[in-house]
Amino acid sequence: MATLKDRLREDLTTSIKARDEIRSSTIRMVLTAITNAEVAGKQARELSDDEVVSVLSTEAKKRREAATAFDDGGRAAMADKERAEAAVIADYLPEQLTQEEIVALVTAAVEQTGAAGEGMKAMGKVMGVVQPQVKGRADGGVVAAEVRRQLG
């Protein structure tokens, strides 16, 4: 089984040959972000697939936020470009959780930690249980909002 990084490199070659500008430029940016993460810190190292997914999630979030900012600024063409890049990145991320699945996970975590009566003080405890389960499969802001809703 090829690693996610190898798959990205192969897809880059394919998209360049197909002259797919958006896909090739997006994959190049993602590979650069992965390389930057590998050389960050005291010693260069190879990222695991989970760490690559983490980088991909960060890049996808940047695209979503940029698209929103461009929409707010009245720059629809730039917002569309950011959304197209986010769609390319989404192809490499694990399937995203639905709102119902997030609600179920948070409910289970609240019951597991016994945080139901503690209110917002227990948010860190609940998030600590939920985060590893949703890593790369849901936006942290959406998960935190659901935890707040259930604890509040």
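Residues numbered from 1 in each chain as written. Predicted model: local features only at pLDDT ≥ 70, side-chain atom pairs only at ≥ 80, totals over all residues. Heavy atoms only, no water.

If you check an unreviewed UniProt entry, the protein appears there as GatB/YqeY domain-containing protein from Nocardioides anomalus.

Caption draft 1: Highlighting the overall build of the protein. Across its full length, the protein carries seven helices and zero strands. Each helix and strand of the protein, placed in order from N terminus to C terminus, yields the pattern α-α-α-α-α-α-α. When the backbone C-alpha atoms are referred to their principal axes, the protein occupies close to 60 × 40 × 30 Å. Taken over 152 residues, the protein has a buried fraction of 35%. (Helix = DSSP H or I, 4+ residues; strand = E, 2+ residues; numbered from the N terminus. Buried < 20%, exposed > 50% of the residue type's maximum accessible area, 1.4 Å probe, protein only.)

Caption draft 2: A look at the domain arrangement of the protein. Taken as a whole, the protein is organised into domain 1 (4–91) and domain 2 (99–151). Once you take the C-alpha centre of each, domain 1 and domain 2 turn out to be 28 Å apart. (Domains from an automatic or database assignment.)

Caption draft 3: Seen up close, the side chain of Glu146. Its location among the elements puts Glu146 in helix α7 (residues 140–151). A polar side-chain atom of Glu146 sits 2.7 Å from a polar atom in the side chain of Gln150. Leaving out residues up to four positions away in the same chain, Glu146 has contacts with Gln99, Ile102, Val103 and Val106. (Polar contact = N/O pair within 3.5 Å; in protein donor to acceptor, adjacent residues only side chain to side chain. Contact = heavy atoms within 4.5 Å.)

Caption draft 4: Quick peek at helix α3 (residues 49–72). Compared with an ideal rise of 1.5 Å per residue, which puts 24 residues at 34 Å, α3 spans 35 Å between its outermost C-alpha atoms and is within 8% of the ideal. Among the residues of α3, those classed as buried are Val52, Val53, Val55, Leu56, Glu59, Ala60, Arg63, Ala67 and Phe70. Looking at the buried positions of α3, the neighbouring elements they touch are α1 (4–17), α2 (21–39) and α4 (76–90). Just downstream of α3, Gly74 is the residue with a positive phi angle, here 75 degrees. (Expected span 1.5 Å × (residues − 1).)

Caption draft 5: Looking closely at unusual backbone geometry. A positive phi angle, close to 55 degrees, is found at Arg19, a residue other than glycine. Counting through the fold element by element, Arg19 comes out in the loop between α1 and α2. According to the relative accessible area criterion, Arg19 is exposed, its value standing at 72%.

Caption draft 6: Representation of the environment of Pro132. For Pro132, the position within the fold is in helix α6 (residues 123–134). The spacing of Pro132 and Ala90 is 42 residues in sequence and 19 Å in space, taken between C-alpha atoms.

Caption draft 7: Looking closely at the packing of α6 against α7. Packing of α6 against α7 leaves a shortest axis separation of 10 Å and a crossing angle of 140 degrees. Regarding the angle of α6 to α7, the classification is oblique. Relative to α7, α6 is oriented so that their crossing is right-handed. Of the residues in α7, those touching α6 at Met123, Val126, Met127, Val130, Gln131 and Val134 are Gly140, Val143, Ala144, Val147, Arg148 and Leu151. Split into classes, the residues belonging to the contact of α6 with α7 amount to nine nonpolar, two polar and one charged. (Axes fitted to C-alpha atoms, helices over the stretch in contact; angles between N-to-C directions. Parallel < 35°, antiparallel > 145°, perpendicular 65-115°, else oblique. Left-handed = near helix turned anticlockwise from the far one by under 90°. Nonpolar A, V, L, I, M, F, W, Y, C, P; charged D, E, K, R; others polar.)

Caption draft 8: The arrangement of the packing of α2 against α4 in detail. The interhelical angle for the contact between α2 and α4, taken along N-to-C directions, is 70 degrees, at an axis separation of 9 Å. It follows from the interaxial angle that α2 and α4 lie roughly perpendicular. Considering the relative orientation of α2 and α4, their crossing is right-handed. Each of Ile22, Arg23, Thr26, Ile27, Met29 and Val30 in α2 lies in contact with α4, whose residues at this interface are Lys81, Ala84, Glu85, Val88 and Ile89.

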